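Take a look at the letters that make up each chain.
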Amino acid sequence: MRFPKYGNYSLDVSGNVLEVFATGAWNLKTTEFFIEEMHELIAKFDNKPWAALMDGRRWVLSTPECQTRLAEAIKVNISRGLTRSAYVLDTGMVRRAQLERTHPSKHRDAESANYERDYFQKYFEALNWLHKEGFSPILSPK
């Protein structure tokens, strides 16, 4: 299988969930584009609680600079209402270890009392967890 040279992503807001699909090997430029687009999209949540669902099964890896920028972006997201993050990954531990380096709890200056993240091997397990936590890409009519 060949991966794009610089990785790729797609973003979509559904209900109160930001869905992220990441592929390939990310460099800093890809990360910067991703963060810019993500921050534009999350403005739709208007600082109300929301969740992120990231499918990283086709994501390869990223540089330490990318991890630092993502950690900063996650802190911004938390300040703008991010409450839960569900990461869907294959069984390997390398990707999870890289994502753990972006966790706000690793950074003393991040206030994340209401923020939780978890890891899943199956997409629907992640969706179910988010649903139990009050987040769904399908909003029920009120």
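Residues numbered from 1 in each chain as written. Predicted model: local features only at pLDDT ≥ 70, side-chain atom pairs only at ≥ 80, totals over all residues. Heavy atoms only, no water.

An unreviewed UniProt entry annotates the protein chain as Transposase of Alteromonas macleodii.

Undergrad: Account for the overall build of the protein chain, naming residues and giving values.
TA: Tallying secondary structure elements over the protein chain gives four helices and five strands in all. Moving toward the C terminus, one meets the helices and strands of the protein chain in the order β-β-α-β-α-β-α-β-α. By the burial criterion, 46% of the 142 residues in the protein chain qualify as buried. Taking all contacts inside the protein chain whose residues are at least 6 apart in sequence as the whole, residues at least 24 apart take part in 76%. (Helix = DSSP H or I, 4+ residues; strand = E, 2+ residues; numbered from the N terminus. Buried < 20%, exposed > 50% of the residue type's maximum accessible area, 1.4 Å probe, protein only. Contact = heavy atoms within 4.5 Å.)

Undergrad: Would you mind going over the nonpolar core in detail, with residue names and values included?
TA: Counting residues in each nonpolar core, the largest one holds 25 residues, and the members touching the most others are L11, L18, F34, M38, W50, L82 and Y87. Mapped by element, the contributors of at least two residues to this core are β1 (8-14), β2 (17-26), α1 (28-42), β3 (50-62), α2 (64-79) and β4 (82-88). Considering every element that reaches this core, the biggest residue donor is α1, with five residues. With near-sequence residues (within four places) excluded, L18 lies in contact with L11, D12, V13, M38, L41, I42, F45, W50, A51, A52 and L53. (Core = buried A, V, L, I, M, F, W, Y, C linked by side-chain atoms within 4.5 Å.)

Undergrad: Give a description of the pattern of salt bridges that names residues and reports values.
TA: Evaluated as defined, the whole model comprises six salt bridges. Its salt-bridge partner being D55, residue R57 comes within 2.5 Å of it at the nearest N-O pair. The class for R57 is partly exposed, based on a relative accessible area of 32%. Classification of D55 by relative accessible area gives buried; the value is 9%. With a closest N to O distance of 3.5 Å, R84 and E116 form a salt bridge. Placement of the pair is R84 in strand β4 and E116 in strand β5 (residues 116-120), with a sequence separation of 32 residues. Looking at R84, the relative accessible area reads 11%, which means it is buried. Through salt bridges that share partners, E32, R69 and E72 make up one connected network. (Salt bridge = Lys/Arg side-chain N within 4 Å of Asp/Glu carboxyl O.)

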